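Results of the structural survey
Below are the chains, spelled out letter by letter.
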Amino acid sequence: MRGTGVGLTGRTVLVTGASQGIGLATARTLARRGSVALLVARGAEALDEQVERITAIGGRAVALPADLADADQIDALVARVLREHGPPDVLVNNAGVGRWLFLDDTPPAELAGMIALPFGAALHLTRAFLPGMRARGSGRVVMVNSPVSRLPIPGATGYAASRYALRGLTAALRLDLRGTGVGVTEVIPGKVSSRYFANNPGAEERIPVVARLIPTVSPEQVAARIARAVERGRDEVVFPWQLRAFEVGGRLFPGLTSYLAWRTGTRR
Ligand SMILES: NC(=O)c1ccc[n+]([C@@H]2O[C@H](COP(=O)([O-])OP(=O)(O)OC[C@H]3O[C@@H](n4cnc5c(N)ncnc54)[C@H](OP(=O)(O)O)[C@@H]3O)[C@@H](O)[C@H]2O)c1
């Protein structure tokens, strides 16, 4: 499906989780294409360093450190963005965490953290920026989601719940925004060569053997797909094609797909 695309030159783009991985690559790519990139993550030093690098290649970027698991910090971030930059033209909800754990192995505080990000942060940031985006009558909200939002795997229960919630938010928001000029894009890459699995130890080993047939993509490839989806107004990007094939298979043959995920996934 397609909506109205947004040209990137001169646009203000807010990217969460922009200190490394998919978010950083996206901020760099969009800044290279002429956007003003607002980089959000907790690590202030890492953000400053990345802003310097983007500036050194002639791009425009601003570091906005914030912990998006903290409601007060989200409010402060939103107030600062609206005051200093106005509502973003493009909001990329990318920051996400979560180890892959069975539900009853997950400490409650950690469970709350993996629901707070990506789902809660995307929900609250989008809500806060929507009035300005709607008033402008153009723009795009991008959700970076996981294959687990389509194809659940064993032993990643809180992670899957947060990604399914993000998928629900995306679908509902897309309906609400129909005809407003503001579009919603969901980008679902396969495994990405970021530090996600180092940052969330124990997850990588839980990728079911059957899913290892899907080649790993780089953060830069994800960033390029995000940029293209925004420019062309694409609603959904699932890639690489091997993941798309699994995703279609999951819809056509749900019993077989969940059997394979269970048979080749983690057990206890
Ligand atoms: N890697 C994969 O294979 C893959 C595949 C498909 C989808 N995804 C999804 O894509 C998203 C991004 O993944 P990634 O691979 O780029 O992860 P990553 O390399 O671990 O980067 C995560 C980013 O989120 C930021 N972040 C973490 N907690 C935060 C918080 N409380 N407040 C603000 N920022 C926070 C981190 O910076 P700070 O630590 O400085 O805050 C970092 O910039 C995740 O939701 C992931 O599930 C990943």
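Criteria and thresholds
- Residues numbered from 1 in each chain as written.
- Predicted model: local features only at pLDDT ≥ 70, side-chain atom pairs only at ≥ 80, totals over all residues.
- Heavy atoms only, no water.
- UniProt positions renumbered as here; feature names shortened; annotations may be inferred.
- Helix = DSSP H or I, 4+ residues; strand = E, 2+ residues; numbered from the N terminus.
- Buried < 20%, exposed > 50% of the residue type's maximum accessible area, 1.4 Å probe, protein only.
- Contact = heavy atoms within 4.5 Å.
- Areas by Shrake-Rupley, 256 points an atom, 1.4 Å probe, with all protein chains shown as cover.
- Lys, Arg positive; Asp, Glu negative; His and termini not counted.
- Charge placed at Lys NZ, Arg CZ, Asp CG, Glu CD.
- Near = heavy atom within 4 Å.
- Polar contact = N/O pair within 3.5 Å; in protein donor to acceptor, adjacent residues only side chain to side chain.
- Expected span 1.5 Å × (residues − 1).
- Bend = angle between axes of the 7 residues up to and from the residue.
- Pairing = 2+ DSSP bridges.
- Axes fitted to C-alpha atoms, helices over the stretch in contact; angles between N-to-C directions.
- Phe/Tyr/Trp six-rings, centres within 6.5 Å; stacked < 30°, edge-to-face > 60°.

- An unreviewed UniProt entry lists the chain under the name SDR family NAD(P)-dependent oxidoreductase, with Saccharothrix xinjiangensis as the source organism.
- The heading Sequence similarities (unreviewed entry) in the UniProt record of the chain holds the text "Belongs to the short-chain dehydrogenases/reductases (SDR) family."

1. Overview of the overall build of the chain
- Secondary structure assignment for the chain yields nine helices and seven strands.
- Summarising its shape, the C-alpha atoms of the chain cover approximately 50 × 35 × 35 Å along the three principal directions.
- Taking all 268 residues of the chain together, 51% fall into the buried category.
- Within the chain, contacts between residues at least 6 apart in sequence are counted, and of these 74% link residues at least 24 apart.
- Working note: accessible area of the chain is about 12200 Å², and carbon and sulfur atoms make up 55% of it.
- A gap of 9 Å separates the mean positions of the 33 positive and 22 negative side-chain charges of the chain.

2. Examining the site of the ligand
- Near the ligand there are 33 residues, and of these Ser 19, Arg 42, Arg 163, Val 192 and Ser 194 occur at the shortest range.
- The contact in question runs from an oxygen atom of the ligand to an N or O atom on the backbone of Ile 22, over 2.9 Å.
- One of the side-chain N or O atoms of Arg 163 is found 2.7 Å from an oxygen atom in the ligand.
- Protein contacts shield 94% of the accessible area of the ligand, which totals 890 Å² for the unbound molecule.
- Those elements that provide at least two residues to the shell around the ligand are helix 1 (21-32), helix 5 (157-176) and helix 6 (196-199).
- If you tally residues by element for the shell around the ligand, the top one is helix 6, at three residues.

3. So, helix 4 (residues 108-136)
- Between its first and last C-alpha, helix 4 extends 40 Å over 29 residues, near the 42 Å set by a 1.5 Å rise per residue.
- The largest bend in helix 4 amounts to roughly 50° and is located at Ala 116, with the proline Pro 118 lying one to four residues further along.
- A positive backbone phi angle near 80° is found at Gly 137, which sits one or two residues after helix 4.

4. With respect to unusual backbone geometry
- Note that the residue after Leu 117, namely Pro 118, is joined by a cis bond; omega there is 10°.
- The residue Pro 118 is located in helix 4 in this model.
- Omega for the bond connecting Phe 239 with Pro 240 falls within 30 degrees of zero, at 0°, which places this linkage in the cis form.

5. Side note on the side chain of Thr 12
- Within the secondary structure, Thr 12 is located in strand 1 (residues 12-16).
- Taking relative accessible area as the criterion, Thr 12 reaches 12% and is therefore assigned buried.
- In this structure, Thr 12 is in contact with Val 36, Leu 38, His 85, Pro 88, Asp 89 and Val 90, ignoring residues within four places of it in sequence.

6. Quick word on the sheet that holds strand 6 (residues 182-189)
- Here seven strands make up an open sheet; going across it, the order is 3-2-1-4-5-6-7 and the pairing parallel. In the strand order of this sheet, the two ends are held by strand 3 (60-65) and strand 7 (236-239), each with one partner. Here the strands of the sheet are splayed against their neighbours by 15° on average, with no regard to which way each runs.
- The pairing of strand 4 (residues 90-93) with strand 5 (residues 139-144) spans four bridges and is classified as parallel. Each residue of the ladder has a partner; that of Asn 93, found in strand 5, is Met 143.
- Contacting strand 2 (36-41) and strand 3, helix 2 (residues 44-56) runs over the sheet at an angle of about 175° to strand 3.
- Here helix 4 sits on the sheet and contacts strand 1, strand 4, strand 5 and strand 6; the angle it forms with strand 4, its principal contact strand, is near 175°.

7. Comments concerning the packing of aromatic side chains
- Taken as a whole and assessed by the stated rule, the structure comprises five aromatic pairs.
- Arranged with centres 5.7 Å apart and planes meeting at 85°, the rings of Trp 100 and Phe 197 form a pair that is edge-to-face. Of this pair, Trp 100 sits in the loop between strand 4 and helix 4 while Phe 197 sits in helix 6, placing them 97 residues apart in sequence. We note that Trp 100, like Phe 197, is buried.

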